[in-house]
2 protein chains.
Amino acid sequence: MDARADVLLEGRWQPSRDGVGEFRPTDPATGEALAPAFPVSGAGDAQAALAAACAVADELAAADPQRIAAFLDGYAQAIEDDAAELVALAHRETALPVEPRLAQVELPRTTGQLRQAARAAREYAWTEPTIDTVAGLRSHLAPLNKPVLVFGPNNFPFAFNAVAGSDFASAIAARNPVIAKLHPSHAATGRRLAQLAHRALLDAGLPAASVQALYQLRHTEGLRLAGDPRMGAIAFTGGRGTGLALKAAADAAGVPSYLELSSLNPVFLFEGALRARGAALAQEFVGSCTLGVGQFCTNPGLLVVPRGAAGDAFVAAAAERMAAAPGGAVFSQGVRDHYLSALAQWRSLGASALAGDAPADGPGYRVRPALFCIDAAQFLTKPGLQTEAFGPASLIVRTADVAEAVAVIGALDGQLTGTLYADAEDRAARDAVAAALRPKVGRLIGGRMPTGVAVSAAMNHGGPYPSTGHPGFTAVGLPAAIRRFAALHCYDHIDDGHLPVELRDRGPAGMMRKIDGHWTASAVGESA
Amino acid sequence: MDARADVLLEGRWQPSRDGVGEFRPTDPATGEALAPAFPVSGAGDAQAALAAACAVADELAAADPQRIAAFLDGYAQAIEDDAAELVALAHRETALPVEPRLAQVELPRTTGQLRQAARAAREYAWTEPTIDTVAGLRSHLAPLNKPVLVFGPNNFPFAFNAVAGSDFASAIAARNPVIAKLHPSHAATGRRLAQLAHRALLDAGLPAASVQALYQLRHTEGLRLAGDPRMGAIAFTGGRGTGLALKAAADAAGVPSYLELSSLNPVFLFEGALRARGAALAQEFVGSCTLGVGQFCTNPGLLVVPRGAAGDAFVAAAAERMAAAPGGAVFSQGVRDHYLSALAQWRSLGASALAGDAPADGPGYRVRPALFCIDAAQFLTKPGLQTEAFGPASLIVRTADVAEAVAVIGALDGQLTGTLYADAEDRAARDAVAAALRPKVGRLIGGRMPTGVAVSAAMNHGGPYPSTGHPGFTAVGLPAAIRRFAALHCYDHIDDGHLPVELRDRGPAGMMRKIDGHWTASAVGESA
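On a predicted model such as this, the values are computed, not experimentally measured, just so you know.

Enquirer: For this particular structure, what's the right way to read the interface of chain B and chain A?
Expert: Many authors give the size of an interface as the accessible area that is lost as the parts come together. Facing the 53 residues of chain B at the interface are 53 residues of chain A. Summing the contributions of chain B and of chain A, the shared interface buries around 4600 Å²; its carbon and sulfur component is 58%. Considering only the surface of chain B that becomes buried against chain A, Ala-458, Leu-488 and His-498 of chain B emerge as the three largest contributors, covering 13% of it. Our enumeration of links across chain B and chain A arrives at two salt bridges. Between Arg-443 of chain A and Asp-492 of chain B there is a salt bridge, with the nearest N and O atoms lying 2.5 Å from each other. Of all the secondary-structure elements, those providing two or more residues to the side of chain B that touches chain A are strand E5 (130-132), strand E6 (137-143), helix H8 (240-252), helix H14 (427-437), strand E21 (441-446) and strand E22 (486-492) of chain B.

Written out as structure tokens, the structure is:
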């Protein structure tokens, strides 16, 4: 029997101070429990983490951004140096394929994101300096001087990991300490990342308690941390129920929360596009829906397809491909149970199964890709059909005309994405649907499936409630994602020597700032 | 008996559909009720307003920003043309002096703000266009396509009026319909502004229900509106209790809320500055504290003064000036009751009255300026001393040393402003206090009293909870204040012809956009 894993608490690896329980991640492909055991943290760990993070918050906020950047860059390098081991651990805990997903896609995305955050920190790119020389006012975005509590999801062991992903990198770039609540389903991967982060932190000379990591938190303790007035912000990616409970706790204490909850990511296929390339679209859709065993926030979970021959042909082709698509193991027993229960709910509400209406064979947490179908008129009367089946499943809604497609949009909750597949001849229908869809989604996509989320300054991985908790922010894409963890600070007639670097007469070299209404890289008082 | 005033509902002036009550504003200088009577709105008006605003939200969101700007400019002009009547009404309802406050300061500030909002709308200055040509992504801030519910405060009949102030101008600039909940204490002023707004709206050819106005809302109906998922956002300026109740309702429905609640605006006076010009500082402080009968969000409500001779002399001079300062009428019976009750609480918690410890004589809602004093050691044990006395009152906290001043800061709630009066010799103490104070306040002020709030792009009229509801946003200063009422919209491989103007290859002439990581006014594909 291995020893129980230590937690990263108060700047060092130490045994959990709580005796509230332990767990073992499992191999989703076999269902076998893996070693070692990990502790479930209770009030002892949670409160110690909060106190330690608060104790270093001011020092971290005042740290030289070069040091922050050195940490993020050093951490990215350490992840690359350790890639083989990390990928092997993550593969074992998630059953995601080593190639290309973990080694070629997700790990490089993660290190690239950390390096983008390093650059944003170094260049003050998130701080939006604004100077009014006439009024004597200067303002910028600044650290919260408080900890950020990050809850990582199950579906990205690296790129959204609470101790390595976008929320982590964003909070650190804004010079806030992070308390990472790792996801228990890939606890060993999270632990190894935290070890690399911890070493890189010490190498960079930052306070050791700037990064802390717990594997699992008792529910009540998570809520208590989220609702503690000493907390600066919380970031959460995961299921709607847990996310909204955390939001309620945070809201009550005035703690801003940034939540990525759930989304059906509706895809609208128009007549002309279906006639021209229905079979290709069916292939594209099935590829997107089954990628990563469907475990993406932006999985295409709802297809809106017009009635008629072209739509029928697409649906038949999609059903055939879905039935033939290989199943796969989802991350945990819990994910499988939720998936099957969502499909059962769709069925009970009148949706017809076109594929995947049988349990999967084999060991572990295997599921089959599933495709269901229902008429729009029925969909509109059954809000329960908007239950997300997190996994390789999609519900096709058949519409009689554009008005019905628009009515479906009217009934939808806020979504991360919405996609349009339209040809030139679809223009009128496409425009009507796009106008209705635009305010319901964070990202409007033309002619491609939603599963790709580029790390770009122009990305919005966000959307109207309840896909996220706030329509104005993105969880992916720098420097915008960093601004979630910032406070607006104004200086009113404060001497140049007492100003932060970005607000001094002579700012960081080459930095664009808004001075007296104009963007300029010049110093205050110099002509551009 | 005059007829009861109509409400501005569904694009026209009409009688309230509710019979839940009526009220009359009073003249604070005399306590006399003014004509006409105004209706208290219940569910009938509230739900009609919400439905009407939702019905025009998409049309307004799609409106040409030139038209939005024409409305805001036309409205500003109409206010100027009607200035004499507006000022007379506001004077009668608030007892604020016509000259200079209402006519020379607040009215021009209000029209200037509307014109700044017009310019921001016309120039898309709030939209932050970001283009990534490699990833095919373009994003910007866009209208919410939902109504904004604005609650105006009692203390600015023009500049923060729900139908004319910063929240109003910001929400309209972002092309969202506004439901204005006017402040009942100056209902006739609000009605006249709403009449001007309504006419300017029709002249500009915008949907008539884009601006609606109710005088008073039954408490339960206000909460119901704030917590309706059809609401895009709420903006509130006022007391903490009401604001937090609205926040809780909005939070539960995922509606973003922007609240300006209350603030003590601590002012730190250092030894050197006190020795050099203590008498002048006492004069400056009393002027700021009694301006507008102390009814400012940024009134200096807490002074931190070191023990010793220089501090004693300042306190004595301030007490003498406060005792001699003329009292004045506050806005309402309610304001006076709260003021007196806060002073009674300070007294009961051990603070000594240095001035103003007697009821005011004369008619109406008169109060005396009040100055109280307590030792830091006692202040630290009595959180109740942080109760805001909204009016011309301040509490002096005497500190033994810098450590005690820092401890006082540690005990303070989040604040809108914090002020430092320090000379060169105070450097060490000033820096220690500034470091502690910075994260507790939205605006750090050097050597001047906090009551001035310039309308500037570099202003932050915001601060950490509970001074406001979110540390990242300002209620004053454009274009930043507009961004509160925006959603982040991303376009992923959408054709140029289907993009919003700001995101097309060729954007608005001269507009600075972030394209592939660089700020440029050039079109996509053109070199800068």
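Picking up after the structure, the text goes on.
Enquirer: What is the right way to look at the packing of helix H2 (residues 65-81) of chain A against helix H6 (residues 187-203) of chain A in this model?
Expert: Residue and element names in this part refer to chain A. Between H2 and H6, the least distance of the axes is 9 Å, while the angle of their chain directions is 140 degrees. Comparing their axes, H6 and H2 come out oblique. Like other packed secondary-structure pairs, H2 and H6 cross with a definite hand, here right-handed. Contact residues: H2 offers Phe-71, Gly-74, Tyr-75, Ala-78 and Ile-79, while H6 offers Leu-193, Leu-196, Ala-197, Ala-200 and Leu-201. A class-by-class count of the residues in the contact of H2 with H6 yields nine nonpolar, one polar and no charged.

Enquirer: Can you walk me through empty space enclosed by the protein in this structure?
Expert: One way to see where empty space is left: roll a probe the size of a water molecule over the atoms. All chains considered together, the criterion is met by six cavities of 30 Å³ or more. Of the voids in this model, the largest cavity is the one considered here, and its volume is about 270 Å³. In terms of lining, the largest cavity is formed by 18 residues, of which the most central are Asp-251, Pro-256 and His-470 of chain A together with Asp-251 and His-470 of chain B. Tallied by class, residues from the lining of the largest cavity come to six nonpolar, eight polar and four charged.

Enquirer: When you look at the relation of the copies chain B and chain A in this model, what are you seeing that I'm missing?
Expert: Applying a rotation about an axis and a shift along it to one chain copy brings it onto the other copy. Under the fitted operation, chain B is carried onto chain A by 0.0 Å of movement along the axis and a turn of 180 degrees, and the coordinates agree to an RMSD of 0.0 Å. Viewed as a symmetry operation, the transformation between the two copies matches a two-fold axis. Residues of chain B ranked by C-alpha distance from the rotation axis are headed by Asp-251 of chain B, positioned 3.3 Å from it. Comparing interface residues between copies, 100% of those in chain B also lie at the interface in chain A; the contact surface is shared.

Enquirer: Is there a simple way to think about the domain arrangement of chain A in this case?
Expert: All names here are of chain A. Domain assignment breaks chain A into domain 1 (38-78 + 111-261 + 475-481) and domain 2 (266-446). Of note, the centres of domain 1 and domain 2, computed from C-alpha atoms alone, are 34 Å apart. If you look at the interface, domain 1 gives five residues, while domain 2 gives eight residues. Buried area between domain 1 and domain 2, summed over both chains or domains, comes out near 620 Å², and the portion from carbon and sulfur atoms is 57%. In terms of surface lost to domain 2, no three residues of domain 1 exceed Asn-154, Asn-155 and Glu-260, which account for 61% of the buried area on that side. At the junction of domain 1 and domain 2, the tally comes to one salt bridge.

Criteria and cut-off values
What you see as residue numbers is a count from 1 along each chain, following the sequence as written. All chains are assigned letters beginning with A, and all ligands numbers beginning with 1, in the order in which they are written. Where totals are concerned, whole chains, interfaces and linings use all residues; where local detail is concerned, this predicted model gives features only for residues with pLDDT of at least 70, and gives and counts side-chain atom pairs only at 80 or more. Values reported for side chains reflect all heavy atoms of the structure, with hydrogen atoms and water molecules removed beforehand. Contact criterion: two residues are considered in contact whenever any of their non-hydrogen atoms come within 4.5 Å of each other. Once two parts are brought into contact, the accessible area they lose, counted with a 1.4 Å probe and summed over both, makes up the buried area. Between Lys or Arg on one side and Asp or Glu on the other, a salt bridge is scored when a side-chain nitrogen of the former is within 4 Å of a carboxyl oxygen of the latter. Numbered from the N terminus, helices here are DSSP runs of H or I no shorter than four residues, and strands are runs of E no shorter than two. Fitted lines through C-alpha atoms serve as axes, helices being fitted only where they are in contact, and the angles separating the N-to-C directions of these axes extend from 0 to 180 degrees. In these notes the angle categories are as follows: under 35 degrees is roughly parallel, over 145 is roughly antiparallel, 65 to 115 is roughly perpendicular, and the rest is oblique. Crossing handedness is read from the near helix: turned anticlockwise from the far helix by less than a right angle, it gives a left-handed crossing, and turned clockwise, a right-handed one. Three classes are used, and their members are as follows: Ala, Val, Leu, Ile, Met, Phe, Trp, Tyr, Cys and Pro are nonpolar, Asp, Glu, Lys and Arg are charged, and the others, Gly among them, are polar. In this analysis a 1.4 Å probe is tested at points of a 1 Å grid over the protein atoms alone, and where it fits but cannot get out there is a cavity; an open set with protein on both sides within 12 Å along at least five of seven lines is a pocket; lining residues have an atom within 4 Å of a point. Grid points are joined across faces, edges and corners, and a volume is the space filled by probe spheres set on the points. The copies are overlaid by a least-squares fit using only the C-alpha atoms of residues whose pLDDT is at least 70 in both copies. Note that the domain bounds were set by an automatic or database domain assignment.

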